[in-house]
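Chain and residue survey
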Amino acid sequence: MELRRLTYFLAVAEELHFGRAASRLEIAQPPLSRQIAALEADIGTLLFDRSRSQIRLTQAGTVLERHARVLVDRLEAAYKETRLVGDGGAGRLRVAFVGSASHGVLPNLIKSYRSHFPKVELALSAMNNAELHSALVQREIDLAVARPSLKDDELRAEVLVHEELILALPDNSDVASRDPIALKDLSDQTFVLYPRRPRPSYADSVLDICRKEGFEPAALELAQDFQTAISLVSVGVGISVVPESVSQTSRPGVVFRRYEGFNPGTGLTIHARRDNQSAQVSQFMDVTRKFVRKR
């Protein structure tokens with residue numbers, strides 16, 4: 001049974017007049033009559049009582065009208081939802097990010113995307129760079145927010161932000177009272193770095209900065225993630241070098257200070273697979289570009 005015939009049937013059932021139904025459907029009356037006759041032949045029963053001046057639904061026609069209405073409405077809803085998802089206005093978008101990205105501009109970017117596409121379900125999760133790369137390759141996520149970036153020619157990228165590095169210090173540390181603080185004078189300190197593995201990682205970038213300043217930290221405390229590292233700083237285990245955006249959120253037991261010395265900064269880059277051309281991913285990238293231009 002063709003769904004088009006059900007649409008024709010419903011038009012006639014509502015108008016109870018073949019001429020008006022044909023006009024509404026923008027077709028001629030004879031083809032409409034033939035389609036209804038073919039529908040009745042397929043089902044094997046009359047759907048309209050044509051014995052009077054005004055046609056009426058038969059009991060069988062009333063039953064079909066009830067079911068046809070549900071079928072056509074569901075099909076129209078399916079088409080509408082499919083178009084919406086295909087256009088990026090609905091569906092699901094899986095975004096993973098490094099833990100330190102939860103501070104600074106990323107939350108505002110997420111809010112901006114949500115305001116433009118409120119019907120898209122956002123699945124958010126935190127990962128380190130190695131996990132981000134693996135998840136993208138395995139298609140377990142759609143977008144990865146890495147620090148500073150992922151090296152893979154199969155990934156496209158949008159730079160979100162570049163920022164300076166600063167020190168995270170225990171609030172009772174004597175270093176916090178120095179002004180200015182020279183990085184090269186901190187060789188006697190324990191550096192709390194992250195992640196513990198895999199390496200090389202952000203931890204190695206910080207160690208490279210120290211080497212450019214002519215020293216190796218007296219001791220290292222390696223944490224698995226950013227949150228753990230900051231927690232260790234807050235209880236006095238050591239000091240850390242973190243993105244400036246981290247200081248926008250107050251942390252009990254932690255103070256943030258600028259330092260003098262080599263400061264290459266760090267950044268956040270949003271990556272997606274080149275072969276992932278979904279509307280949701282493309283629109284998130286578009287929102288990102290507009291967001292960056294406004295900053």
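Residues numbered from 1 in each chain as written. Predicted model: local features only at pLDDT ≥ 70, side-chain atom pairs only at ≥ 80, totals over all residues. Heavy atoms only, no water.

Of the positions making up helix H7 (residues 202–212), those classed as buried are Tyr202, Ala203, Asp204, Val206, Leu207, Ile209 and Cys210. The inward-facing, buried residues of H7 abut strand S7 (165–170), strand S8 (190–193), strand S9 (219–222) and strand S10 (240–243). Phi for Gly214, located one or two positions after H7, is positive at around 90°. (Buried < 20%, exposed > 50% of the residue type's maximum accessible area, 1.4 Å probe, protein only. Helix = DSSP H or I, 4+ residues; strand = E, 2+ residues; numbered from the N terminus. Contact = heavy atoms within 4.5 Å.)

By the bridge criterion, 4 bridges tie S8 to S9 in an arrangement that is parallel. If you follow Thr190 over to S9, its bridge partner there is Ala219. Tracing the backbone out of S8, into H7 and back to the parallel element S9 gives a crossover that is right-handed. (Pairing = 2+ DSSP bridges. Right-handed = clockwise from strand over helix to strand, strands pointing away.)

This brings us to the packing of aromatic side chains. Scanning the entire structure with this criterion turns up 7 aromatic pairs. Arranged with centres 5.2 Å apart and planes meeting at 35°, the rings of Tyr113 and Phe117 form a pair that is tilted. Comparing Tyr113 with Phe117, the two get one shared label, buried. Ring geometry for Tyr194 versus Phe226: centroids 5.7 Å apart, planes at 65°, classification edge-to-face. Of the two residues, Tyr194 sits in the loop between S8 and H7 while Phe226 sits in helix H8 (residues 226–234), which places them 32 residues apart along the sequence. With relative accessibility at 3%, the residue Phe226 sits in the buried group. One aromatic cluster is present, built from ring pairs that chain together Phe9, Phe18 and Phe48. Here the guanidinium or amino end of Lys212 rests over the ring plane of Phe262, the centre of that ring lying 5.6 Å away. (Phe/Tyr/Trp six-rings, centres within 6.5 Å; stacked < 30°, edge-to-face > 60°. Lys NZ or Arg CZ within 6 Å of the ring centre and 35° of its normal.)

What follows concerns the pattern of salt bridges. Side-chain pairs of opposite charge can arise whenever the charged atoms involved come near each other. In the structure shown here, the tally under the stated rule is 18 salt bridges. The partner of Glu14 in a salt bridge is Arg69, with the nearest N and O atoms 2.4 Å apart. Of this pair, Glu14 sits in helix H1 (residues 3–15) while Arg69 sits in helix H4 (residues 59–86); the two residues are 55 residues apart in sequence, bridging distant segments of the chain. Residue class for Glu14 comes out partly exposed when judged on its relative accessible area of 37%. Ionic pairing is found between Arg258 and Glu244, a salt bridge with its closest N-O pair at 2.3 Å. One end of the pair, Arg258, is in the loop between strand S11 (254–257) and strand S12 (266–273); the other, Glu244, is in the loop between S10 and S11, with 14 residues separating them in the sequence. Salt bridges sharing partners connect three or more residues here, namely Glu14, Glu15, Arg20, Arg24 and Arg69. (Salt bridge = Lys/Arg side-chain N within 4 Å of Asp/Glu carboxyl O.)

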